[in-house]
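Chain by chain, the residues run as shown.
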Amino acid sequence: MLWTPSKFHPSESLSLVPKIYAHMKEAPFAHSTFRRMEAQSGTTPSVDAVKGQQENAEMSFLRPPVVRLGAGAALNRALFTKKVYLAAAAIQSPKVIAHYRKALQTSQEMLKVDRISPIVSHPDKELGAQGRKCILLNPSVKAEEPTTWGPVIQEGIQKEELTVIPYELTLEYDYWTARDTMESVLPPELHDEIPSGFNVAGHVAHLNLRDSYLPYKKVVAEIILDKNPSIKTVINKVDNVGAESEFRTFQYEVLAGEDDLNVSCTENNCSFNFDYSKVYWNSKLEYEHTRIISFFKPGEVVCDVMAGIGPFALPAGKKRVFVWANDKNPESYKCLKANIQKNKVQDFVRPFCEDGLGFIRQATDEILAASLKGEKVVITKPGPRSKSRKTDKPTTPGFVREPLKPLITETYPLPPTISHFVMNLPASAIEFVGSFKGIYQLQENLFAPTTKTLLPLVHVHCFALKADDERPLIDICERLTKYLGFPMKPGNIDYNLNGEGEVAVHNVRDVAPAKSMYCATFRLPAAVAFAARD
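How each quantity is defined
Residues numbered from 1 in each chain as written. Predicted model: local features only at pLDDT ≥ 70, side-chain atom pairs only at ≥ 80, totals over all residues. Heavy atoms only, no water. UniProt positions renumbered as here; feature names shortened; annotations may be inferred. Helix = DSSP H or I, 4+ residues; strand = E, 2+ residues; numbered from the N terminus. Buried < 20%, exposed > 50% of the residue type's maximum accessible area, 1.4 Å probe, protein only. Contact = heavy atoms within 4.5 Å. Areas by Shrake-Rupley, 256 points an atom, 1.4 Å probe, with all protein chains shown as cover. Core = buried A, V, L, I, M, F, W, Y, C linked by side-chain atoms within 4.5 Å. 1 Å grid on protein atoms, 1.4 Å probe; cavity = no way out; pocket = protein on both sides within 12 Å on 5 of 7 lines; lining within 4 Å. Axes fitted to C-alpha atoms, helices over the stretch in contact; angles between N-to-C directions. Parallel < 35°, antiparallel > 145°, perpendicular 65-115°, else oblique. Nonpolar A, V, L, I, M, F, W, Y, C, P; charged D, E, K, R; others polar. Salt bridge = Lys/Arg side-chain N within 4 Å of Asp/Glu carboxyl O. Expected span 1.5 Å × (residues − 1). Arc of directions from axis to C-beta. Polar contact = N/O pair within 3.5 Å; in protein donor to acceptor, adjacent residues only side chain to side chain. Points joined across faces, edges and corners; volume = space filled by probe spheres on them. Pairing = 2+ DSSP bridges.

As recorded in an unreviewed UniProt entry, the chain goes by tRNA (guanine(37)-N1)-methyltransferase and comes from Podospora bellae-mahoneyi. Looking at the Function (unreviewed entry) heading of the UniProt record, one finds this comment for the chain: "Specifically methylates the N1 position of guanosine-37 in various cytoplasmic and mitochondrial tRNAs. Methylation is not dependent on the nature of the nucleoside 5' of the target nucleoside. This is the first step in the biosynthesis of wybutosine (yW), a modified base adjacent to the anticodon of tRNAs and required for accurate decoding." Per UniProt, the comment on the chain under Catalytic activity (unreviewed entry) is "guanosine(37) in tRNA + S-adenosyl-L-methionine = N(1)-methylguanosine(37) in tRNA + S-adenosyl-L-homocysteine + H(+)".

### A short note on the overall build of the chain
Each helix and strand in the chain was counted, giving 14 helices and 20 strands. In the chain, which comprises 534 residues, the proportion classed as buried is 47%. Contacts in the chain between residues far apart in sequence, at least 24 positions, make up 67% of those at least 6 positions apart. Put simply, the chain shows about 27,100 Å² of open surface, and 51% of that area lies on carbon and sulfur atoms.

### A word on the nonpolar core
Formed by 87 residues in total, the largest nonpolar core has its most connected members in Phe274, Met423, Phe436 and Leu480. The biggest single contributor to this core is helix α12 (residues 356-372), with six residues. In contact with methionine 423, not counting residues within four places along its chain, are Val305, Met306, Ile360, Ala429, Phe432, Val433, Phe436, Val458, His459, Val460 and His461. Counting residues in hydrophobic clusters, the runner-up holds 42 residues, among them Leu86, Ile116, Tyr213 and Ala256.

### Structural notes on the UniProt feature "binding site: S-adenosyl-L-methionine" (unreviewed entry) in the chain
Taking the UniProt record as the reference, the feature "binding site: S-adenosyl-L-methionine" (unreviewed entry) is found at His289, Asp355, Gly356 and Asn424. Restricting the annotated residues just mentioned to those that line the largest cavity leaves His289 and Asn424. Structurally, histidine 289 can be placed in helix α9 (residues 286-293). You can call histidine 289 buried: its relative accessible area is 3%. Beyond its immediate chain neighbours, meaning those up to four positions away, histidine 289 contacts Glu267, Asn268, Asn282, Pro311, Phe312 and Asn424.

### As for the packing of helix α4 (residues 97-106) against helix α6 (residues 151-158)
In the contact formed by α4 and α6, the axes pass within 9 Å of each other and the chain directions differ by 150°. When the axis of α4 is compared with that of α6, the two are roughly antiparallel. Of the residues in α6, those in contact with Tyr100, Ala103 and Leu104 of α4 are Val152, Ile153 and Gly156. Split into classes, the residues belonging to the contact of α4 with α6 amount to five nonpolar, one polar and no charged.

### Thoughts on the pattern of salt bridges
According to the stated counting rule, one finds 16 salt bridges in the structure shown. With a closest N to O distance of 3.4 Å, glutamate 168 and lysine 83 form a salt bridge. Residue glutamate 168 is found in strand β4 (residues 162-171), and its partner lysine 83 is found in strand β1 (residues 82-91); the two are separated by 85 residues along the sequence. A relative accessible area of 42% places lysine 83 in the partly exposed class. One salt bridge in this structure joins aspartate 510 and lysine 466, with 3.3 Å as the shortest N-O distance. Of this pair, aspartate 510 sits in strand β19 (residues 502-512) while lysine 466 sits in the loop between β17 (457-465) and α13 (471-484), placing them 44 residues apart in sequence. Taking relative accessible area as the criterion, lysine 466 reaches 37% and is therefore assigned partly exposed.

### Here we look at helix α11 (residues 330-342)
In this model, α11 (13 residues) spans 18 Å end to end at C-alpha, consistent with the 18 Å of a helix rising 1.5 Å per residue. Taken together, the buried positions of α11 are occupied by Glu331, Ser332, Cys335, Leu336, Asn339 and Ile340. When α11 is viewed along its axis, its buried side chains cluster within an angular range of 165° and face the same direction. In this structure, the buried side of α11 is in contact with β10 (270-275), α10 (313-318), β12 (322-326) and β13 (349-352). You can read the cap of α11 off the contacts: a side-chain oxygen lies 3.0 Å from the backbone nitrogen of glutamate 331, and it is on asparagine 329. Residue lysine 344 follows α11 closely and has a positive phi angle near 60°.

### Things to note about empty space enclosed by the protein
Considering all chains together, one arrives at one cavity of 30 Å³ or more under this definition. Taken together, 13 residues make up the lining of the largest cavity; nearest its centre are Arg248, Tyr280, His289, Pro311 and Asn424. Split into classes, the residues belonging to the lining of the largest cavity amount to eight nonpolar, four polar and one charged.

### Looking at unusual backbone geometry
Peptide bonds are, in most cases, trans, and in most cases residues other than glycine have a negative phi. With an omega of 10°, the peptide bond between alanine 448 and proline 449 qualifies as cis. By the element assignment, proline 449 lies in the loop between β16 (420-423) and β17. Despite not being glycine, glutamine 108 has its phi angle at roughly 65°, a positive value. Position of glutamine 108 relative to the elements: it lies in the loop between α4 and β2 (119-121). Glutamine 108 gets classed as partly exposed once you look at its relative accessible area, which sits at 47%. Even without a glycine there, the phi angle at arginine 320 is positive, about 65°. Summarising the element assignment, arginine 320 is placed in the loop between α10 and β12.

### Section: the sheet that holds strand β5 (residues 199-201)
The four strands lie next to each other as β5-β6-β7-β8, forming an open sheet whose pairing is mixed. The sheet is open, and its two edges are formed by β5 and β8 (252-257), each paired on a single side. Ignoring strand direction, the axes of neighbouring strands in this sheet form an average angle of 25°. Packing against the sheet, helix α8 (residues 217-227) makes contact with β6 (204-207), β7 (233-237) and β8, and its axis sits at approximately 55° to β8.

### Quick notes on the side chain of serine 435
Among the secondary structure elements, serine 435 is positioned in the loop between β16 and β17. We classify serine 435 as buried; its relative accessible area is 9%. Not counting the four nearest positions on each side in its chain, serine 435 is found in contact with Leu357, Ile360 and Arg361.

Below is the structure:
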């Protein structure tokens, strides 16, 4: 049994000295810590104190050197080299390495640290060249203090299968994580909000640094570039998305790497190519894209009013969903068209470059007209080949492979109505919902109860107060009420909403300390859809 300090209470330390020593015979790597503390204080240390001191000592070598750089100073990677002095079990024969690795791991005497292999070459160059190996030991095991050697080590020494030697482990800049390195460089008051959750678009890392980090922006960017092999460019936003541009593009500065923002990335099994400086893309919205797409069913129609470069539209097209995809930004429209072709969804996804206010009614009218003309998508693919018997081979006399089955044809007629509207422009999308008034004027016969078709679901993204109570829900419903001209109220999180005027609000993500992004989903009220158009 190993020494387990949790069994003892610190107040019992004086009476438990014999027990502690008894356990140390079985776990002698704690012995040196106990003796050192006893000598320094002149009293018998408590078991918890010994444990804490030992853990601190063992973990200290995992911290990088403190390299405080002044504002604007360059990153000197050589300063992060650290030498750690350990003990190692030098194994005499490779045949017993596996045995001692398992035994030392069980006795907790083997070094167990992420990204450091416990098996290393012998530090003596001649022996290392011969293939001799060492097992790195826990920092509490001292090469010069046999009292710290446990039974496994002592047994190995007696059998002349191993020896305990000093070992100098060198940890260089590449070993330390990005956070380790930033904590080493940045002053302590900046450690709580070290940049880590940045956006990534292809090979570009997009930072939005707080003012307090700006004096260290170059160093932060170099560290991110060094520690993320897929990142080739690090930029920092210098204005607010949406504040300067209606297309949600932003001014930026290149902090490290190449000034190249032509990126390629994948999401939901689709490939996207675009110039990140000219279109909007946010990798943190992948889950929200996936969540909304999951509501679409093959053969339905979706109107993506602010489609961007297609994070909703392209994956939906691959699901055999018809999508009228629109974006007012000419550059987004250009990328959307190219990505539609690249992902081979042109049969289902149609790109547009219009103002969203007018596009809502335009798409509704065009889809109805196209459906009445009988538009459809027909997909033909070869049927599966019948499996021959396993014993049959082309060389077998009389072998005849069965022909391909007839081609399989799938037909998707374009429905006359839209099932979903997606409006992902959180800064202002709610202001667009007034355009839903009268989109199905005089078309009541297209919907229940005349048919089984329900009025469209609207998924509108917006910003509101970050809060755990109902204030954001009430605020969102009040704004929807204002622009729809119909009373809206919070409803259950049920996306088969039939209750007129009910709104299901999903918290997408926090975007600032007091601000969150939400998605409000509601069934378009009949009084709005069938109203007379303005």
